[in-house]
Structure formats: structure tokens, C-alpha cells
Amino acid sequence: MTVVPVYNIVLVPDANMYLRTETYQNMTGKSPKIGERVMMIALRERKTRDQFAEDSFYPIGVTGEVIEHSPENGFLVIHTGERRNLDQVTVYSDHSIELGVSRREAIDDLDPELEKEHLMKLKQEMIRAAAGQPWESGIRTYLAQINSMNEAIAMMSPWIMEGAKERYELLAADSNRERMELAEKIAYQNVEMNRINTEAKNAQEEDYQKLYREQAIKKQIDYLQKELDQMHPDSVSDLRRLELAIDRSGMQGDAQKEAKKVLNRLKQEGQNSQESGMLYDYLDFVTSLSWKREKAADIDLNKARRILDEDHYGLKKVKERIIQQIAVMNLKKQQAGSILLFVGAPGTGKTSIGKSIARALDREYVRVSLGGVRDEADIRGHRRTYLGAMPGRIMDGISKSGVSNPVMVLDEIDKLGQSYNGDPASALLEVLDPEQNNTFTDHYMNVPYDLSDVFFICTANSLDTIPGPLLNRMEVISFQGYTPIEKYAIAREHLFAKSLDKVGLSRDQISISDDAIHALIEDYTREGGVRGLKKHMDTICRAAAVRHLEEPDQMVEVTGENLPDFLDMNPMIHNRVRDSANPGVITGLAWTPVGGTILYIETMFTKGSGKVQVTGQLGDVMKESAQIAVSLVKNLYPKQSRLFEENDLHIHVPDGATPKDGPSAGITLVTALSSLLTGRSVSPHYAMTGEVSLQGNVNPIGGLPEKLMAAQRAGVETVFIPRDSEQDLRDVADEVKDQLQIIPVEKISDVLRQLDLLVESA
């Protein structure tokens, strides 16, 4: 007897089971023969012959005989007999199956008349369900041959939705009446599901017919609308205008697909729907963008250099780097190059030089202010699911420029914030990465946009608050503070003319002397840039405008003597070198965001027990430098070190309202303590900067150009700097170096010998 495993087929006794020849061969490993006795068993899960195991089958099967086989049609018919219990199942290595079976008795509790009545009702229901279907006549003929409920459910086996377990329950039912009720329930459920599916299909076909008709009508309307647009171009509807804008914009791929999708949605919902405003704004925005790549134009380097010199005085190193970038772009026919980060004090021309670059390249200029931005959506935009959604500042700037290759200045990138709304600095990583920004996706647009042709320039006052990954994507170009000579030239050639233009005066009506400009620079401003100088120039010109209107015939003259009358303020008190020298007081140099400044380290012994007090609102790093200085001085002067035990030491840095920190005051602290210990004063005209180690090494520091400029401005004559920072002198203006004696040192002992503070301790 051949064992035939089957899956998802209803097995019932005394019924004709229809099986594909291919299925029979795959499950048994041989071809069917008419008259062959078989044992049909049900698989728990779908498996192939080589996956059979002893527990793969349900514990009840049914005998049968192949009564019909049609090789040309690929089907065979097995008439089932009685049920059998599978007492033992053995699967051999050749995948053949051997069964140990026993007879399973059935409970004959079904009245033939009752079965006949129920079968008749089921046939009528099935005929009613098939009404109007192409296969109605075939089902009638087939139903006429069915004489039992078992045959009916076996005939429906390929189409019923129940799983293997529910199908097996029909075979496992010992009661004939129970089996009939189960079969009847399954049959009626599937007939009803078939009726619902048919109704749904018919309804869907009706919808399709309506849709096809609607599309045909719309095509006719579109054709007629185009004809009307050509006849009356001034009366084009908003929807038609948007459709034409999409076609003319040059957008491709996903962008065009998304725009047309939104346009169709707007057409379907109508202009009175709740979302029409949002959809209209979206289409208006994406069609305002330039989707066509601009052709790289040849750039005249001489013209670019001339424009940069016209707009900005000095900045030789910065201009040279910009010219290099333009030259590379010209050779490679590229629209953009490295991402530049301009870092420097306020008023040094970082933002305005971006506008000059745009003019030199003959491209559009757009500025995006990032100061105080705390929401990632300000960079990437809001998703359109939010009420009041808007594009991010990057894409908004592109839209305002009207081109795909503007010069975009991202201003104050060091002042980005963070909040629960995300990290905008992280969102900028994609924008400022040339390898990624060709597919930048704004959340509002939801389609990629190519930013690779945008010339990005970033500005910052400090690098400390810029995250490392973001800083790594940019090339840092430092803007040093202007020297007094440069400030004078800027004031005379640029600021004065702009201030005159603001108030409507000319050079024939007002004059300003060189002494007045020098006084403005030296006595009324304290900055590395020229922003404060510009404000004072504006103030002078406003006061001059009043005097001109009061006395039109008189030339308004601004001199060094009458300058306070125009500014209505007293000169600033600058940190200048002191006239007298005291032991324990040394002049130091410091860097600030607005340039350099001098500061004094003051030390004093008071009667006590060896305590060390540090004041002046110093940071942790500077306090550690003070501790290092104390230890180092004790080692350098062992004989005098008892003074630290017999007295309390007080270290103070004046201007206590200003926070101070950093390691560069190390050698100043050591020198001040050495002066205090030896009782020898050091001239205030000596200044110094450098980090000191416990071994007495003088380590390099930053901000040297600004510090030397502050020293020269304050009247310092000699400056000690770390030898390793000597290479930074190339960034220092010649006029500053000419007025200072700069001494590079490697050891703190070099400084102390120069100042005659290193005495024999023996």
C-alpha cells in the first residue's frame, strides 16, 4: 500500500479526492496506477519528501484507491474508504514511509434523510452563489453528481480558506453527524465568503469603470484647458500655473514624481479642502527652486583679486587662500570647493568678505544666520504632517537666491544650540559634506536636492563650541585682528565714506583729521575688528549732520581736540603698562574673542601658615597653572622656600568681573612668584605668555598675533614667547614686530636669567 502524505487537503471517508499527478509523484516518489491501494495521511506543516519525520503527520489517515488517472490533464482521482489510526510511523533514509495502523470505528448517528435534506439546501445555496458567474452551468452539472456531504466538502477542498488543523478536524470526527455539521459549517462560511468577494469584485469593477470614464473626461478637459490657456494666457488658473511651473522647472526623477503627486491630490481635493493651502504652498516652494545645474563659468583671477582688494583692506592671507580656491574651481570647472570656515573677532570682515566672493564669482549671495538655532528642523525643515510646516533655512536660502549655485554664508556657526528638538549641528554634517550633499533631503520637500554646486562659507568667533565632526568638514581660516595702521586705512577709505552716505553728507561738508581717526582707534575702541569704530564714525556723522543743518555755510571739522564733543563720551581706559615696577607684579598677555589684551599677575605674602589663595575669577586650568608655579618656584629657590611655609600667599589677577582661564599665564605666574621671592622688581615693559610644565619647560600657546598686537598697543617693549610658537610670528603684522623685541624661550630659567631673577640658592 502506497502512503500518500498531503497538505491542506480535506480528507474524509467515502469521497472522491482530486489530486495533481505532480503532487502525487513528489510525495510518494512514484507514478500513480489505476487500482493502486493507498493510505492518505495529513501533514501538520508544508514539507517536501526529504523533510519528512515521524512527527510530521496527524495521527489519523484514510484508506483509498486510485480510480482514475488522466496523464494529459495532470490529475488523478482517489476514492477514499475507511479511517485508520496511525499507531506507528517509520521514515526510512530513502524517504519511504512505513505505517503501523489500526481500524478507527465511526459512530453511525446520522439519519440518511436528514443528510439528504441538508445536502439539498447546501446545493441550492451554492447554485444561488454561482448565479450570474461564467462557471454557473459547470457548477450545476458538478453538483448534480454529488450524493453526500462528504463528497460536497471534498469537492470544495481547493477553495475553502481553513487551515490544516481545521481540515483535519473533519477526518478526526468519529460521529458522522458531527462531521456533517462541521462540513456544513465550513461549506456555508466559504460560500458566503465567495459571495462577498464576488460582490466586492463587481463593486471594484464598477469603480474602475467610473475611474476610466473620469480619466477620459479629465484628458478632454486638460486638452481644452491648454487651448484656452493659449488663447488667454493672462487668465490661467492657479492649478494650471503650478502644472506649467512643474514642467518648466527642470526637476527630474523623485522630485517631479512627488510634485505631480501633490498636484493631483490638490486637483482631487479641490481648493476648498482643509489641506489645499499646505499643498499649494508646497508646490509653490518646490517650483520656485532652480533644479537646473548652472554651467561653470570661467573666472578672471585678476578681477576677483581686484574686487577683494576694493572691498577689504588688509587680510592678505585670507585673500590669498580665497584666490587659491577660485583658481582650483576654475581649473576643474567646479562650482564649489572646500568648505571654508572664517574664524576671528567680531568686526574683522568675515561675513562681508562672503559678499565680495559672490561678486568676484558673479554669483548670487545668500546669508543664513545660525546664531541661537536650537531645532534640527531649522536646518532640515519640518515634515508636512505638522501644522505650519516650513522648509529649513538651507533650502529657504536656495529658494530666495533663485539659482542652484549661490555663495551661501552660514553665519555664527559656533552659536548653534541644542534642545529636545534635536541637534542642528549634527544636521549640518550632511549639508557641509561634499560627498553627501548632492542628495540633501529637506523634510519639508521629502525629495533630494543637489547642494554640491553651492559655495558654502561659515563664520565663527571661536572654535571651542563647534563639534569635532562638524569642524572636521571645514577648512579653518583665521581672521587676525587689525593693526592700528590697518584700522586707520579702513576708517579713512571705507568706513567714513559709508557713514557719510548714511546721513546724506559729502566730503565737501565735513572733514575728519588724521588725529581724530587715530584718537578714535586708540582711545574709544577696544576690539580686534572695526565694528565699534564704524559705530563711532556713524555717531560723528550724525552729530555733523545736525551742525550742518544749523550752519549750512560752515564746513564741519572733526579734530582730535573736539572729538569728545561729537561722541559725547569719555575716552576708554586702556590697559597700558604701568609707570612703576613692584616686586611680585608681572605683565602678562591674554587672548579674548575681541582680540588680545594685557593683564597683570599680582602676588603678595601675608603673615600666615602657608595657605595659597587665588582670586580674580580664574578658571580651573589657570588655578592649576598657579599650583604648578608654586611648586616650580619652591624647587628653583629651595633656600627661600621657607617663606611659603611661614606666610600665606595671595595671587590675584585684576579685573575680577571678567572670567579668565587657560594655561598661557604659566610663565607669568612663575616670574611673578620669583620676583616676589627675590624681592626684585621687573619692568612693566616686559610681558610674557606661555604654558609652563613642572619640569620648567615653556610649552606653545595660541592666539599669539592678537597677544602681540595688544602688547604693542599697550606700550610693551619686550615679549617672551615659547620657542615652539615662533612659527606663528609669520601671521603677525610687520609693524607690530618692528616695535617689539620678541624673545623665544624654551625653559623658564631662560626668562628668569634675562630678568636677573635667577640667583644662586646655595
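Everything here concerns the structure above.
Rules of the game
Numbering of residues starts from 1 in every chain and runs along the sequence as written. Local features in this predicted model are restricted to residues whose pLDDT is 70 or higher, and side-chain atom pairs enter the listing and the counts only when it is 80 or higher, whereas totals over whole chains, interfaces and linings include all residues. Side-chain descriptors were evaluated using all non-hydrogen atoms of the structure, hydrogens and water having been removed beforehand. By the criteria applied, helices consist of DSSP H or I runs no shorter than four residues and strands consist of E runs no shorter than two, each listed in order from the N terminus. Our radius of gyration looks at C-alpha atoms and nothing else; its globule reference is 2.2 Å times the residue count to the power 0.38. Only protein chains enter the area calculation, which uses a 1.4 Å probe; residues under 20% of their type maximum are buried, those over 50% are exposed, and those in between are partly exposed. A pair of aromatic rings is counted whenever rings of Phe, Tyr or Trp (Trp by its six-membered ring) have centres within 6.5 Å, and the orientation is called stacked for planes under 30 degrees apart, edge-to-face for over 60 and tilted otherwise. A positively charged side chain is recorded as over a ring if its NZ (Lys) or CZ (Arg) lies within 6 Å of the ring centre. The angle to the ring normal must also be within 35 degrees. Lining residues are defined by having an atom within 4 Å of a point belonging to a cavity or pocket. Those points lie on a 1 Å grid over the protein atoms alone, cavities being sets where a 1.4 Å probe fits but cannot get out and pockets being open sets with protein on both sides within 12 Å along at least five of seven lines. Grid points are joined across faces, edges and corners, and a volume is the space filled by probe spheres set on the points. Ten residue types, Ala, Val, Leu, Ile, Met, Phe, Trp, Tyr, Cys and Pro, are classed as nonpolar, four, Asp, Glu, Lys and Arg, as charged, and the remainder, Gly among them, as polar. Contacts are residue-level and defined by heavy atoms, with any inter-residue pair within 4.5 Å sufficient. For two strands to be treated as a pair, DSSP must find at least two bridges joining them. Each axis is a line fitted through C-alpha atoms, taken for helices only over the stretch in contact, and angles between the N-to-C directions span 0 to 180 degrees. In what follows, salt bridge is the name for a side-chain nitrogen of Lys or Arg lying within 4 Å of a carboxyl oxygen of Asp or Glu. Only residues whose relative accessible area exceeds 30% and that form no salt bridge enter a patch; like-charged residues are grouped when within 9 Å of one another, and nonpolar side chains (Val, Leu, Ile, Met, Phe, Trp, Tyr) when within 5 Å. In these tables, accessible area is a Shrake-Rupley quantity obtained with a 1.4 Å probe, and a residue counts as shielded only by the protein chains included in the view. Any helix carries an expected span of 1.5 Å times its number of residues minus one. Two N or O atoms form a polar contact when they lie within 3.5 Å of each other; inside protein one atom must be a possible hydrogen donor and the other a possible acceptor, and for residues adjacent in sequence the pair counts only when both atoms belong to side chains.

### Thoughts on the overall build of the protein
Counting its secondary structure elements, the protein contains 26 helices and 24 strands. Computed over C-alpha atoms, the radius of gyration of the protein comes to 46 Å, more than 25% over the 27 Å expected from 2.2 N^0.38 for 762 residues, which places it beyond the range of a compact globule. Over its C-alpha atoms, taken along the principal directions, the protein stretches across nearly 130 × 90 × 45 Å. Out of the 762 residues in the protein, the part that is buried amounts to 46%.

### With respect to the packing of aromatic side chains
Under the counting rule described, the total for this entry stands at 9 aromatic pairs. When the centroid spacing of 5.0 Å and the interplanar angle of 50° are considered together, the rings of Phe342 and Phe479 count as tilted. With Phe342 in strand S7 (residues 340–344) and Phe479 in strand S13 (residues 475–479), the pair connects residues that are 137 residues apart, well separated along the chain. Comparing Phe342 with Phe479, the two get one shared label, buried. Centre to centre, the rings of Phe605 and Phe644 are 5.4 Å apart; their planes meet at 80°, and the pair counts as edge-to-face. You can see Phe605 sitting in strand S17 (residues 595–607) and its partner Phe644 sitting in helix H22 (residues 642–646), a full 39 residues away along the chain. Lying over the aromatic face of Tyr600, Arg578 brings its terminal NZ or CZ to 4.0 Å of the ring centre.

### As for empty space enclosed by the protein
Evaluated as defined, the whole model comprises 4 cavities of 30 Å³ or more. Taken as a whole, the largest cavity holds about 70 Å³ of empty space. Lining the largest cavity are Val6, Tyr7, Asn8, Ile9, Leu11, Ala42, Leu43, Tyr58, Ala164, Arg167, Tyr168 and Leu171. Here the residues of the lining of the largest cavity are counted per class, giving 10 nonpolar, 1 polar and 1 charged. Within this model, the second largest cavity holds a volume of roughly 60 Å³. Its residues assigned to classes, the lining of the second largest cavity comprises 5 nonpolar, 3 polar and 1 charged.

### Looking at the environment of Lys260
If you trace the backbone, Lys260 turns up in helix H8 (residues 253–269). The class of Lys260 is partly exposed, set by a relative accessible area of 38%. Distance from Lys260 to Leu752, taken between C-alpha atoms, is 78 Å for residues 492 residues apart in sequence. What Lys260 contacts, discounting residues up to four positions off in sequence, is Ile246 and Asp247.

### A word on the environment of Val91
Following the sequence through the fold, Val91 ends up in strand S5 (residues 75–91). Overall, the relative accessible area of 17% leaves Val91 in the buried class. Spatially, the C-alpha atom of Val91 lies 6.3 Å from that of Glu54, the residues being 37 residues apart in sequence. Other than its neighbours up to four places away in sequence, Val91 contacts Phe52, Ala53, Glu54, Phe57, Ser96 and Ile97.

### Quick word on the sheet that holds strand S8 (residues 365–369)
Sheet architecture is open: 5 strands sit in the order S8-S9-S12-S7-S13, paired in parallel fashion. What marks the edges here is a single partner per strand, and that holds for S8 and S13. This sheet shows a mean twist of 25° between the axes of neighbouring strands, independent of strand direction. Both strand S9 (residues 407–411) and strand S12 (residues 455–460) contribute to a ladder of 4 bridges, which runs parallel. Across the sheet, residue Val409 finds its bridge partner in S12, namely Ile457. Running at roughly 145° to S13, helix H11 (residues 316–332) makes contact with S7, S12 and S13 of the sheet. Strands S7, S8, S9, S12 and S13 of the sheet are contacted by helix H12 (residues 350–361), whose axis makes an angle of about 165° with S12.

### Some details on the pattern of salt bridges
Tallied over the entire structure, the rule returns 37 salt bridges. Notably, a salt bridge pairs Asp174 with Arg104, separated by 2.9 Å at the nearest N-O pair. Pair noted here: Asp174 is in the loop between helix H5 (164–172) and helix H6 (176–231) and Arg104 is in the loop between strand S6 (97–103) and helix H2 (112–129), with a separation of 70 residues, a long-range link. Its relative accessible area of 26% is what places Asp174 among the partly exposed residues. Residue Arg104 is classed as partly exposed on the basis of its relative accessible area of 25%. A salt bridge links Arg380 to Glu376; its shortest N-O distance comes to 3.5 Å. Judged by its relative accessible area of 17%, Arg380 is buried.

### A few points about unusual backbone geometry
Its identity is not glycine, yet Glu412 carries a phi of approximately 55°, on the positive side. Here Glu412 lies in the loop between S9 and helix H15 (424–431). According to the relative accessible area criterion, Glu412 is partly exposed, its value standing at 23%.

### Comments concerning a nonpolar patch on the surface
A contiguous nonpolar patch, built from Tyr208, Leu211 and Tyr212 and spanning about 300 Å² of accessible area, is present on the exposed surface. Positionally, Tyr208 belongs in helix H6.

### Some points on the pairing of S7
Counting buried residues in S7 gives 5 out of 5 residues, a clear majority hidden from the surface. Judged by which residues are buried, S7 turns out to be covered on both faces: Leu340, Phe342 and Gly344 on one side and Leu341 and Val343 on the other are all buried. As defined by bridge partners, S7 adjoins S13 across 5 bridges and the pair is classed as parallel. Paired with Leu340 across the two strands is Glu475, which belongs to S13.

### What to know about helix H7 (residues 238–249)
With 12 residues, H7 should cover 16 Å at 1.5 Å per step; its first-to-last C-alpha distance of 16 Å lies within 8% of that length. All of the buried residues along H7 are Leu239, Arg240, Leu242, Leu244, Ile246 and Ser249. Where H7 is buried, its residues meet H6, H8 and helix H9 (276–288). Of the residues trailing H7, Gly250 is marked for its positive phi of about 85°.

### A closer look at the side chain of Ser175
Here Ser175 lies in the loop between H5 and H6. Judged by its relative accessible area of 11%, Ser175 falls in the buried class. Within the structure, Ser175 has its side chain in polar contact with the side chain of Asp109 (distance 2.5 Å). Within the structure, the side chain of Ser175 is placed 3.2 Å from the backbone nitrogen of Glu178, a separation counted as a polar contact. The residues touching Ser175, leaving out its near neighbours within four places in the chain, are Ile107 and Asp109.

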